[in-house]
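Each chain is listed here by its residues.
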Amino acid sequence: MTETKNTDLLQRDFIDMLKATGSLKNKAIEQALQSTPRHLFVDRIHALGKRKGLIEVDPKCPTSSQLERIYSDEALLSHLNPPSSTSQPSLVVHMLDILSVRAGHRVFEIGAGTGWNAALLAHLSGPDGHVVTMDIQPDVTRRARRHLKRQGTKNVSVITGDASKGYAKKAPYDRLITTVTCPTLFPAWWEQLSPKGIIVLTLNDFPGESQCLMLKLQKRKDHLSGEVISLPGFMLFTGKHGMTFQWDQARKLVEKFAGKRPAAKERASWADILDGRDGWTLRRDLAFFAHLQGLTVIPMQNAFVITTHNRSTICIIHENHITAYGGNECFDKLKEAQTKWLRAGSPSRQDYCVEVWPSTVHQKNSWELRHKDVTFIFSLK
Ligand SMILES: C[S@@+](CC[C@H](N)C(=O)[O-])C[C@H]1O[C@@H](n2cnc3c(N)ncnc32)[C@H](O)[C@@H]1O
């Protein structure tokens, strides 16, 4: 079998697999996938785990084992420290579906990676549309340009830089998509969006965490509104407003109370919730609700540290119980938040509608998360 036939077959199986698993439902995205072979965008793979190491790939002639990896539902790391990748195909397809790009749209992508998603966006926006994809790493953009040229994609500008300021030269954009976990919605993104434009924003739920809230937001007259769609994971935003993992901070806070007797200990209330969510997800959903009630949440690898602003008392949400140290202040607040959460039907992070305003606004039955330049308002769907 010739290599072309082999890649054609693998690509067809790959598309069938995405359809069978329910990720791919949209004909236009299927056509975009068909015309944008993923192997043309992969020139190296950083393998992790047992077979750790850098695999150089010749995109014109990948080996059959490399092709099998490229045409699987796997995110492939192209760079480490700082990292870059081509995201997991089912996630890419899901986000394209949510973004609903039409012919003639101008699109801004944050995080160029290998350029594969930019090529798919370019296919969807057609010859009258245009895609700007931006990445902070020069080696990433250099390679992405090469991949897009190899694929023959013309309507994409690959820009090197920190995307927190957007890219005013080609604005306004009908669609904006982030493919990295972002600390906030930067004012430039909002300003550079067309009226009624849509942003798919991957916003961190807790600082320095790769898991995020995927929001679909539409621009209204004076605010953006939408909802939490899903809870994917991405690498962390870097640059001037970059984030770092907070595990050390959590560990230091816990160490302050090492050897001290807990002020309180209570069995997990979430242990009795049997709706298909696993324990970790339930704990994260509770921690997010507590965060909306004004408590600070610092995730650890296997627990959540909850504290108040002055950090004099803490609670730890363990797998099966909550312990409090330093006094009852934080524990009482967490218990109050937990009671409200249970009364509200123990909402998941996907159960919220979201609005973004340029200033503080107070709305009934909702919770505010204030960032430096914008305020997020969460309410239950
Ligand atoms: C998951 S990868 C992007 C995947 C890409 N969309 C694709 O489909 O191949 C995330 C990228 O975001 C980039 N990034 C991180 N912080 C950034 C920032 N402040 N500005 C621009 N790009 C950034 C990283 O360098 C990395 O290449």
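Residues numbered from 1 in each chain as written. Predicted model: local features only at pLDDT ≥ 70, side-chain atom pairs only at ≥ 80, totals over all residues.

The terminal C-alpha atoms of helix α6 (residues 138–151) lie 20 Å apart, and with 14 residues this matches the ideal 20 Å at 1.5 Å per residue to within 8%. The secondary structure elements touched by the buried residues of α6 are β3 (76–79), β4 (84–86), α5 (116–125), β6 (130–135) and β7 (156–160). Of the residues flanking the end of α6, it is Gly-152, one or two places downstream, whose phi is positive at about 85 degrees. (Helix = DSSP H or I, 4+ residues; strand = E, 2+ residues; numbered from the N terminus. Expected span 1.5 Å × (residues − 1). Contact = placed C-beta atoms within 7 Å.)

Relative to the elements of secondary structure, Ala-188 occurs in helix α7 (residues 187–191). Ala-188 gets classed as partly exposed once you count the C-beta atoms within 10 Å, which come to 16. Each C-alpha atom, one on Ala-188 and one on Val-158, is 18 Å from the other, the two residues being 30 residues apart in sequence. Other than its neighbours up to four places away in sequence, Ala-188 contacts Lys-165 and Gly-166. (Buried ≥ 20, exposed ≤ 12 C-beta atoms within 10 Å, placed from the backbone.)

Within the structure, the ligand sits among 27 residues, and Ser-84, Gly-111, Gly-113, Asn-117 and Gly-239 are positioned closest to it. At the level of elements, β4, α5 and β6 are the ones that each hand at least two residues to the shell around the ligand. Here the shell around the ligand gets three residues from one element, more than from any other, and that element is β4. Split into classes, the residues belonging to the shell around the ligand amount to twelve nonpolar, 13 polar and two charged. (Near = placed C-beta within 6 Å. Nonpolar A, V, L, I, M, F, W, Y, C, P; charged D, E, K, R; others polar.)

Turning to its location among the elements, Asp-162 is positioned in the loop between β7 and β8 (173–178). Once you skip the residues sitting within four places of it in the chain, Asp-162 turns out to touch Ile-136, Gly-239 and Lys-240.

Quick look at the sheet that holds strand β15 (residues 314–317) now. The strand order β12-β16-β15-β14-β13 describes an open sheet built from five strands, whose pairing is antiparallel. Of all strands in the sheet, those bounded by a partner on one side alone are β12 (264–267) and β13 (296–299). This sheet shows a mean twist of 20 degrees between the axes of neighbouring strands, independent of strand direction. Looking at chain direction, β13 and strand β14 (residues 304–307) are connected through four bridges and run antiparallel. Looking at the pairing, Ile-298 lines up with Val-305 of β14. Lying on the sheet, helix α9 (residues 279–292) is in contact with β13, β14 and β15; it crosses β14 at an angle near 20 degrees. (Pairing = 2+ DSSP bridges. Axes fitted to C-alpha atoms, helices over the stretch in contact; angles between N-to-C directions.)

On to the sheet that holds β7. Within a sheet, adjacent strands bond to each other through the backbone by hydrogen bonds, running parallel or antiparallel. With mixed pairing, the ten strands of this open sheet are ordered in space as β7-β6-β5-β8-β9-β10-β11-β17-β19-β18. In the strand order of this sheet, the two ends are held by β7 and β18 (367–370), each with one partner. Averaged over all neighbouring strand pairs, the angle between strand axes comes to 20 degrees, with direction disregarded. The pairing of β18 with strand β19 (residues 375–380) spans four bridges and is antiparallel.

Bear in mind that shape data such as this cannot, by itself, settle questions of function.
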